[in-house]
Amino acid sequence: MNLFDILGPIMVGPSSSHTAGAVRIGYVTRTLLGSTPKKANIGLHGSFAATGRGHGTDRALVAGLLGMKPDDMRIPESFEIAKEQGLEISIENIQIAGGHPNTARLVVTDRMDNTLEVQASSLGGGRILINKLDGITVNCTGAGSTLIVHNQDHPGHVAEVTTMLAQRGINIATLQLYRNKRGGDAVMVIEIDQPVPEDAVHWLEQKKGIMKVTYLNGADV
């Protein structure tokens, strides 16, 4: 346990789990989309559904989608700001089998009609866990530098990514592989010890069979 665990994050209250964590879920979703969302469907599960609106969870999630962080004083006005910026929002209560009590499912679409589905949980103290990306189960906190690669489930992609990182002197802390079915869509979640250069991300994006690459800088998330 460290001082952060005791004191919690710098944030706009009232709750580190229902407010600060929710902002981070929205912010990470925006980052993973890689663009400004124009439409968002937000599903609230468990405690998020039961008490989330009283804790401002709905406004916090929208604030994150707008690019705000947990200490942004505009969080309580996020609905009004979203309307001004043309972000369409729909919010509903949902049931997720086996889901953590503080879980949200966000389906977001940008102006180019790119769509992303993120399911994530708030663990307390502002910490989050991304459970699913586009229906594929993952386990990613986004707390450290993380490379997320969406690719076709074909031989060679893992070797390409790990070789590229090794050539640039980037050490892999953890590597998790997920797929929806054999030969279908797959996701690599790679937590790393050093930053990934922008040119390395672009190089990966050009590789055949790699559909999307997202780099999460833990310091920014």
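It should be noted that the structure appears before, not after, this text.
Because the structure is predicted, anything quoted here is derived from the model rather than measured. (Residues numbered from 1 in each chain as written. Predicted model: local features only at pLDDT ≥ 70, side-chain atom pairs only at ≥ 80, totals over all residues. Heavy atoms only, no water.)

Draft legend 1. A look at the pattern of salt bridges. The full count for this structure, using the stated rule, is seven salt bridges. Where lysine 38 meets aspartate 113, a salt bridge forms, and the shortest distance between an N and an O atom there is 3.2 Å. Of the two residues, lysine 38 is situated in strand 1 (residues 37-46) and aspartate 113 in the loop between strand 3 (102-110) and strand 4 (115-124); the sequence distance between them amounts to 75 residues. Given a relative accessible area of 24%, lysine 38 falls into the partly exposed group. (Salt bridge = Lys/Arg side-chain N within 4 Å of Asp/Glu carboxyl O. Helix = DSSP H or I, 4+ residues; strand = E, 2+ residues; numbered from the N terminus. Buried < 20%, exposed > 50% of the residue type's maximum accessible area, 1.4 Å probe, protein only.)

Draft legend 2. Here's a closer look at helix 5 (residues 78-85). Listed as buried for helix 5 are Ser78, Ile81 and Ala82. The buried residues of helix 5 occupy an angular sector of 105° when projected down its axis, which confines them to one face. Of the residues in helix 5, the exposed ones pointing more than 90 degrees away from the buried face are Lys83 and Glu84. Buried positions along helix 5 lie against helix 4 (57-65) and strand 2 (88-93). Residue glycine 86 follows helix 5 closely and has a positive phi angle near 80°. (Arc of directions from axis to C-beta. Contact = heavy atoms within 4.5 Å.)

Draft legend 3. Structural context of the side chain of glutamine 119. As for its placement among the helices and strands, glutamine 119 is situated in strand 4. In contact with glutamine 119, not counting residues within four places along its chain, are Ile96, Thr103, Ala104, Arg105, Leu129, Ile130, Asn131 and Lys132.

Draft legend 4. Molecular detail of the pairing of strand 1. Taken together, the nine bridges between strand 1 and strand 3 define a ladder with antiparallel strand orientation. From the neighbouring strand, glycine 46 faces strand 3, where its bridge partner is asparagine 102. Bridge count between strand 1 and strand 2: six bridges; the pairing is parallel. Residue glycine 43 lies in a different strand from strand 2, and its bridge partner there is glutamate 92. (Pairing = 2+ DSSP bridges.)

Draft legend 5. Just a nonpolar patch on the surface, in detail. On the surface, a cluster of nonpolar side chains totalling about 220 Å² of accessible area is made up of Val158, Leu175 and Leu177. For leucine 177, the position within the fold is in strand 8 (residues 172-179). (Patch = residues over 30% accessible without salt bridge, like charges linked within 9 Å, V, L, I, M, F, W, Y side chains within 5 Å. Areas by Shrake-Rupley, 256 points an atom, 1.4 Å probe, with all protein chains shown as cover.)

Draft legend 6. A look at the nonpolar core. Judged by nonpolar contacts, the single largest core of 39 residues is most densely connected at Leu32, Leu61 and Ile130. With six residues, helix 2 (residues 16-33) is the single largest residue contributor to this core. Contacts of leucine 61, omitting those with residues within four sequence positions, involve Ala22, Ile25, Gly26, Ile42, Leu44, Ala104 and Leu106. In terms of nonpolar packing, the next biggest core, distinct from the first, is built from 15 residues, Val149, Met188, Ile190 and Val196 among them. (Core = buried A, V, L, I, M, F, W, Y, C linked by side-chain atoms within 4.5 Å.)

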